[in-house]
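Below are the chains, spelled out letter by letter.
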Amino acid sequence: MMADKAFWNGKRVFLTGHTGFKGSWLSLWLQSLGAEVGGLSLAPPTTPNLFTIANVAAGMASSIIGDIRDYETVRKAMADFAPDIVIHMAAQPLVRLSYSEPVATYATNVMGTVHVLEAARAMNSVRAIVNVTTDKCYENKEWAWGYREDEPMGGHDPYSNSKGCSELVTSAYRRSFFEAGTQALASARAGNVIGGGDWAADRLIPDILRAFQEGRPVVIRNPHSIRPWQHVLEPLSGYLLLAEKLYGEGQRWAEGWNFGPRDDDAKPVQWIVERMTRQWSSEATWQLDGGTHPHEAHYLKLDISKARSRLDWQPRWNLEQALERIVRWHRAWLAGDDMQQLCFAQIAEFNQSE
Ligand SMILES: NC(=O)c1ccc[n+]([C@@H]2O[C@H](COP(=O)([O-])OP(=O)(O)OC[C@H]3O[C@@H](n4cnc5c(N)ncnc54)[C@H](O)[C@@H]3O)[C@@H](O)[C@H]2O)c1
């Protein structure tokens, strides 16, 4: 199932976090579907960043730089845009930063979510709301099975826990304010996303590409850590499908959804580094970092049976294919290509894959 152009054409879609990695890709995808896209976010979180490089704002109806920790900012941006659909992605998304800035992380990820839901609640135009959280919202039992949508929320570090809280806020808002009305609210949990145009600190692929580019060895902290890797377009395709269902059929779809990768794409860090090193060049190398690091959960696998069977959603690109697209994207950027066109081309390619 792919996003339906007939549905999205002309829809007013309000994104929070549109200047971020996922938000920039989603904004471009919605633009390619003919949607009117509005956004509210802080300035792009890194330099360089996809938002600027792919000239994302050029095709948006409105792009506001503002802080979701301030309710009035959110209320006004939402009221001015009058969206049909809201997709909430703005967050402080980094585990390690959440240890040094727990207050700011909770303020954005929890109260920011309250502000977005409260502002959406006041808007009669809004019919569908998707809150983007993460696989890390689940209480990690460090077991081998995939986590299902009805498993308890939790989170050891402030980031994961703030996303568990964001899920609880979503559930309370749904039951208190949305369930009996015409607005439908769902949450979406995805794994570690990868793709061209991510420069975030402390993420594996950006760290690898930075090292390649600077001609130094890639330094790896946890070579055996396994993460549920997936190309960024995979969960985004899930958010779009879910929003369509929420808009068209309402409460039936208003619940939590996992959009994770296939089981066999949950690979150790070392596997990825070796693959990318080979794809990049014969001079590229990697080595281990022996220092101590804050606790990071070891293994969290999402069970995607529900999205497969009810939404007819499934992952399209395997990890190998995703890495190949990332290397291609990064090389094109270094060569000075038109990156907006390349993003549109990769979205089109994704849409055509089985
Ligand atoms: N990247 C991943 O692997 C991953 C995995 C699971 C879930 N997620 C979730 O997906 C969403 C997007 O993540 P991303 O990887 O694109 O991150 P990102 O850091 O690239 O983007 C975050 C966005 O949020 C905005 N933002 C941050 N604080 C804000 C505030 N106080 N007010 C307004 N805007 C603010 C930033 O400006 C940016 O637009 C987040 O909710 C994140 O938790 C990401």
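A brief structural summary. (Residues numbered from 1 in each chain as written. Predicted model: local features only at pLDDT ≥ 70, side-chain atom pairs only at ≥ 80, totals over all residues. Heavy atoms only, no water.)

1. Overview of the environment of D135
Part 1 of the reasoning: Considering the arrangement of structural elements, one finds D135 in the loop between β5 (128-132) and α7 (158-178).
Part 2 of the reasoning: Expressed as a C-alpha distance, the spacing of D135 and G191, which sit 56 residues apart in the sequence, is 5.4 Å.
Part 3 of the reasoning: D135 has contacts with R189, A190, G191, N192, P228, L300 and L302, leaving out every residue within four places of it along the chain.
Part 4 of the reasoning: Of note is the side chain of D135, whose polar atom sits 2.9 Å from the side chain of T134. (Helix = DSSP H or I, 4+ residues; strand = E, 2+ residues; numbered from the N terminus. Contact = heavy atoms within 4.5 Å. Polar contact = N/O pair within 3.5 Å; in protein donor to acceptor, adjacent residues only side chain to side chain.)

2. Re the pattern of salt bridges
Part 1 of the reasoning: Enumeration over the complete set of coordinates arrives at 17 salt bridges.
Part 2 of the reasoning: Here K76 ties to D80 by a salt bridge, and the two come within 2.6 Å at their closest N and O atoms. On the criterion of helical spacing, the pair formed by K76 and D80 is a turn pair, its members being 4 residues apart in helix α4 (residues 71-81).
Part 3 of the reasoning: For D80, a relative accessible area of 51% translates into the label exposed. (Salt bridge = Lys/Arg side-chain N within 4 Å of Asp/Glu carboxyl O. Buried < 20%, exposed > 50% of the residue type's maximum accessible area, 1.4 Å probe, protein only.)

3. A word on the sheet that holds strand β3 (residues 62-65)
Part 1 of the reasoning: The strand order across the open sheet formed by 7 strands is β3-β2-β1-β4-β5-β6-β10, and the pairing between neighbours is parallel. Pairing within the sheet leaves two strands with one partner each, and these edge strands are β3 and β10 (256-259). Neighbouring strand axes in the sheet, compared pairwise and without regard to direction, differ in orientation by 15° on average.
Part 2 of the reasoning: Two elements, strand β1 (residues 12-16) and strand β2 (residues 36-41), share 5 bridges in a ladder whose sense is parallel. Among the inter-strand pairings, V13 is bridged to a residue of β2, identified as V37. (Pairing = 2+ DSSP bridges. Axes fitted to C-alpha atoms, helices over the stretch in contact; angles between N-to-C directions.)

4. A word on the nonpolar core
Within soluble globular proteins, side chains that are nonpolar generally end up buried alongside one another.
Part 1 of the reasoning: Judged by nonpolar contacts, the single largest core of 62 residues is most densely connected at W8 and W25.
Part 2 of the reasoning: A per-element tally of this core places helix α9 (residues 233-249) first, with 9 residues.
Part 3 of the reasoning: Filtering out sequence-adjacent residues up to four positions away, W25 remains in contact with L50, G196, V232, L233, L236, W329, C343, Q346 and I347. (Core = buried A, V, L, I, M, F, W, Y, C linked by side-chain atoms within 4.5 Å.)

5. Thoughts on unusual backbone geometry
Part 1 of the reasoning: The amide bond that connects T47 to the next residue, P48, takes the cis arrangement and shows omega of -5°.
Part 2 of the reasoning: With respect to the helices and strands, the residue P48 is situated in the loop between β2 and α3 (50-53).
Part 3 of the reasoning: For N55, which is not glycine, the phi torsion reads 50° and is therefore positive.
Part 4 of the reasoning: As for its placement among the helices and strands, N55 is situated in the loop between α3 and β3.
Part 5 of the reasoning: A positive phi angle, close to 50°, is found at A82, a residue other than glycine.
Part 6 of the reasoning: By secondary structure assignment, the location of A82 is in the loop between α4 and β4 (85-88).

6. Some points on the site of the ligand
Part 1 of the reasoning: Of all residues adjacent to the ligand, which total 28 residues, the nearest are T19, F21, K22, Y159 and K163.
Part 2 of the reasoning: With respect to the ligand, the backbone of V193 contributes an N or O atom lying 2.9 Å from an oxygen atom.
Part 3 of the reasoning: Contact with the protein chains removes 94% of the 830 Å² of surface that the ligand exposes when unbound.
Part 4 of the reasoning: Among the elements of the structure, α2 (21-32), α7 and β7 (192-194) are those that each provide at least two residues to the shell around the ligand.
Part 5 of the reasoning: Along the lines of polarity and charge, the residues of the shell around the ligand split into 13 nonpolar, 10 polar and 5 charged. (Near = heavy atom within 4 Å. Areas by Shrake-Rupley, 256 points an atom, 1.4 Å probe, with all protein chains shown as cover. Nonpolar A, V, L, I, M, F, W, Y, C, P; charged D, E, K, R; others polar.)

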